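Observations on the model geometry
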Amino acid sequence: MVADRDPEKTDGEVGDQYGYKKDFRTALPQFLAVSVKNLLLLGYGMTLGFPTILIPAVSQPIEEEELSLYPSQVAWISSINLIVVPVGCALSGAVTAPMGRRRAMQFVNLPFFVAWLMFHFSTTPEHLYGALFLTGLAGGLLEAPVLTYVAEITQPHLRGAFTATSSMCIIIGVFTQFLFGLLMYWRTVALVNIIFTILAVIALFFVPESPHWLVSRKRYDEAKSSLQWLRGWTHSSAVEKELRDIQALYKNKKVQSEDSDETIREKLSYYLERTFLFPFFLVTYCFFIGHFSGMTTLQTYAVSIFQMLEAPIDKYYATLILGVVQILGSGACVALVHYTGKRPLAVFSTLGAGICCVLVAAYDGYIQIHSISAESIADTGVNGTLDSDIARSIMSGYSWIPTSLLLMLAFITHTGIRLLPWILIGEVFSAKTRSGGAGLASGAGYIFGFLTNRLYVALLDSISIRGTYGLYGAVSLTGCLVLYFILPETEGKELGDIENHFAGIKKLGNEVYKPPKKTKEVSMSHNLKGASNPTFEGDDTHM
């Protein structure tokens, strides 16, 4: 049922450029639509966390376990998913754009469903490989519809926070597998995970399609209905101006959509233009910094890193705390991005990450140079001997330093640079390359993640942990400087304004857009003039 809401506002109320009130009712439907989308990402996070509980089970199987894998086979379980995801990302835009954002999100749940069944009933390593291949491919395919859907359905002042919830839900999905693995057998966990896949498919039937995609297909009545639902179940006149602006965006011959009826050569030419190349460089560079800031390897090799740095608590508990800190950092990003903007969070997180990494490297270097270890302390005790337990207690006075720094690194990176590219990816590309650009950029991000993990062991062997974290610190500090000069502030800005910035038409400011409050005098003068509803100004933009 559509409520009869008056688009005009009372004195002193604050609205956006389309006259929408910034109230709970306007934000609620957008929150619901984003939450439904997040069910899909929660399920994807489960696929990333599932190998963590699968590998120990098949490496040292119990009596009733049918599968027993060799170390070389286990190595494939930890890497197949990451290898396949970029392939899915590269195909994501071309495969899912013709379907529509909502239908594409429902479609990618099918391989997830099949994969969980394969995990549950698997009897050979090949079954596991096939399931991992499906989860990696589906994880890549979902990137374009998920990221573009959020950007196209939300208001500018909500877009940053709602987009940031995507990464947070993936992290929560990974964390659920750690908990499920403690409570249930891994085959049972696979069956339980199917529930979330089914819920995502069903829930997507109750949210509207992206109005941008509907306009690109010339389905204007459906686009209007979608906007009415998304802007607080309002009446048609309240969404007229926003609908006309969307129509004007797709009417411009120079701004065709990615799924319009054009030749392949024409579509490919758009990916050679400034409006694609600059945003693509910006997003992929953010991915590069995010992965090579030390957090990706810390997440993957947390147990061994905490062990090497002699953490004062059990390395498995330290890893569990690390997961909680990541979630807290993501939550902080979601809460702050609307108020601070993306630039301050990016600068803060890259600067903080660089300092943490440099201090970890300095700590390890100091320990190695001065040979401060439990063994060396024991050797210098009374009569040349000292109880090893006493030596370790002395060391515990130092070991809290790198452990605290690594936990700070996890929190700081997740307040900004780890989530930043996923926020930008849905809003910086033009309408004609949005789906394809999101797929290609996220694919590049997964490649950086794969390279980071693969290079870590080699770096550790060649330059030790202090050299490795020194390199991570240099990347982060350099990234802080570069982003300060090239990253525009997109928080609160319209998609059309962002597109014009990268096209070189009109520069975005570095401040978060905050619409001025309407004063009582302005409202009174408006009433005295007897002006018509400003929603209906600019009829020349009709298609």
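The shown structure was predicted, so the numbers you read here are calculated from the model rather than taken from an experiment.

1. Focus on the overall build of the chain
The helix and strand inventory of the chain stands at 24 helices and zero strands. Evaluated residue by residue, the chain yields a buried proportion of 54% over its 543 residues. Long-range contacts, defined as pairs at least 24 residues apart, comprise 79% of the intrachain contacts of the chain with a sequence gap of at least 6. Accessible surface computed for the chain: about 23,900 Å², of which carbon and sulfur atoms make up 65%.

2. A closer look at the confidence of the model for the chain
Summary statistics for the chain give a mean pLDDT of 78 and a share of 79% for residues scoring 70 or more. Ranking the elements of the chain by mean pLDDT puts helix α24 (residues 520-529) last, at 42, and helix α5 (residues 109-121) first, at 94. In this model, residues 253-258 is a region of pLDDT below 50 whose contacts with residues beyond four sequence positions or in other chains number 23 contacts. When the criterion is pLDDT under 50, residues 518-543 qualifies, and its contacts beyond four places in sequence or with other chains add up to 33 contacts.

3. Some remarks on the nonpolar core
A general tendency of soluble globular proteins is for nonpolar side chains to be buried together. Core analysis: the biggest nonpolar cluster contains 52 residues, and L142, L420, L424, I425 and L483 have the highest contact counts within it. Apart from the residues lying within four places of it in its own chain, the contact partners of L483 are L282, Y285, C286, I289, R343, A346, T350, I417 and L420. Among the nonpolar cores identified, the runner-up in size contains 26 residues, and A318, V325, A353 and I465 belong to it.

4. As for the side chain of S216
Among the secondary structure elements, S216 is positioned in helix α10 (residues 211-216). In this structure the side chain of S216 is engaged in a polar contact, spanning 2.5 Å, whose partner is the backbone oxygen of W213.

5. What about unusual backbone geometry?
The phi dihedral of W233 falls on the positive side, at around 55°, and the residue is not glycine. Secondary-structure assignment places W233 in the loop between α11 (220-230) and α12 (240-251).

6. Here's the deal with helix α14 (residues 274-291)
The end-to-end C-alpha separation of α14 is 26 Å, in line with the 26 Å expected for 18 residues at 1.5 Å each. Those residues of α14 lying buried are T275, F276, P279, L282, V283, T284, Y285, C286, F287, I289, G290 and H291.

7. Description of the side chain of H235
One can find H235 in the loop between α11 and α12. According to the relative accessible area criterion, H235 is buried, its value standing at 15%. Engagement of the side chain of H235 in a polar contact is seen with the side chain of S237, the distance being 2.7 Å.

8. Concerning the environment of E310
Its place among the elements puts E310 in the loop between α16 (302-308) and α17 (315-340). Exposure remark for E310: the relative accessible area of 34% places this residue in the partly exposed category.

9. Some thoughts on the packing of aromatic side chains
If you walk through the whole model with that rule in mind, you get 19 aromatic pairs. Here the aromatic rings of F50 and W116 are separated by 5.3 Å at their centres, their planes lie at 80°, and the arrangement is edge-to-face. Of this pair, F50 sits in helix α1 (residues 24-59) while W116 sits in helix α5; the two residues are 66 residues apart in sequence, bridging distant segments of the chain. Judged by its relative accessible area of 1%, F50 is buried. Chaining the aromatic ring pairs together yields one cluster made of F50, W116, F119, Y185 and W186. Its guanidinium or amino end placed over the ring of Y484, R343 lies 5.3 Å from that ring's centre, counting from NZ or CZ.

10. So, the environment of V283
For V283, the location among the structural elements is in helix α14. Sequence-wise, V283 and I425 are 142 residues apart; in three dimensions their C-alpha atoms are separated by 6.4 Å. If we skip the residues at most four places from it in the chain, V283 touches P421, L424, I425, V428 and A441.

11. Regarding the packing of α1 against helix α6 (residues 125-141)
For the pair α1 and α6, the least separation of the axes is 10 Å and the interaxial angle reads 160°. The orientation of α1 relative to α6 falls into the category roughly antiparallel. As α1 packs across α6, the resulting crossing turns out to be left-handed. In contact with Y44, T47, P51, L54 and V58 of α1, α6 contributes L128, L132, T135 and G139. Residue composition of the contact of α1 with α6, grouped by class: six nonpolar, three polar and no charged.

12. Observations regarding α6
The end-to-end C-alpha separation of α6 is 24 Å, in line with the 24 Å expected for 17 residues at 1.5 Å each. Those residues of α6 that sit buried are P125, L128, Y129, A131, L132, T135, G136, A138, G139, G140 and L141.

13. Section: a nonpolar patch on the surface
Taken together, the side chains of L110, F113, V114, I198, I202, F205 and F206 define a hydrophobic patch exposed on the protein surface, amounting to about 680 Å² of accessible area. Counting only elements with at least two residues in the nonpolar patch, the list comes to α5 and α9 (186-204). By the element assignment, L110 lies in helix α5. A relative accessible area of 51% places L110 in the exposed class.

14. Looking at the pattern of salt bridges
Inspection of the entire model under this criterion finds eight salt bridges. One salt bridge connects E240 with K224, and the closest N-O pair in it is separated by 2.8 Å. Of this pair, E240 sits in helix α12 while K224 sits in helix α11, and the two are 16 residues apart along the sequence. As a salt-bridge pair, K342 and E427 come within 3.2 Å of each other at their nearest N and O atoms. With K342 in helix α18 (residues 342-369) and E427 in the loop between α21 (420-424) and α22 (434-486), this residue pair connects regions lying 85 residues apart in the sequence. Judged by relative accessible area, K342 falls into the buried class, the value being 2%. In the salt-bridge network here, residues are joined through shared partners; they are K342, E427 and E491.

Calculation rules
Residues numbered from 1 in each chain as written. Predicted model: local features only at pLDDT ≥ 70, side-chain atom pairs only at ≥ 80, totals over all residues. Heavy atoms only, no water. Helix = DSSP H or I, 4+ residues; strand = E, 2+ residues; numbered from the N terminus. Buried < 20%, exposed > 50% of the residue type's maximum accessible area, 1.4 Å probe, protein only. Contact = heavy atoms within 4.5 Å. Areas by Shrake-Rupley, 256 points an atom, 1.4 Å probe, with all protein chains shown as cover. pLDDT = per-residue confidence, 0-100. Core = buried A, V, L, I, M, F, W, Y, C linked by side-chain atoms within 4.5 Å. Polar contact = N/O pair within 3.5 Å; in protein donor to acceptor, adjacent residues only side chain to side chain. Expected span 1.5 Å × (residues − 1). Phe/Tyr/Trp six-rings, centres within 6.5 Å; stacked < 30°, edge-to-face > 60°. Lys NZ or Arg CZ within 6 Å of the ring centre and 35° of its normal. Axes fitted to C-alpha atoms, helices over the stretch in contact; angles between N-to-C directions. Parallel < 35°, antiparallel > 145°, perpendicular 65-115°, else oblique. Left-handed = near helix turned anticlockwise from the far one by under 90°. Nonpolar A, V, L, I, M, F, W, Y, C, P; charged D, E, K, R; others polar. Patch = residues over 30% accessible without salt bridge, like charges linked within 9 Å, V, L, I, M, F, W, Y side chains within 5 Å. Salt bridge = Lys/Arg side-chain N within 4 Å of Asp/Glu carboxyl O.

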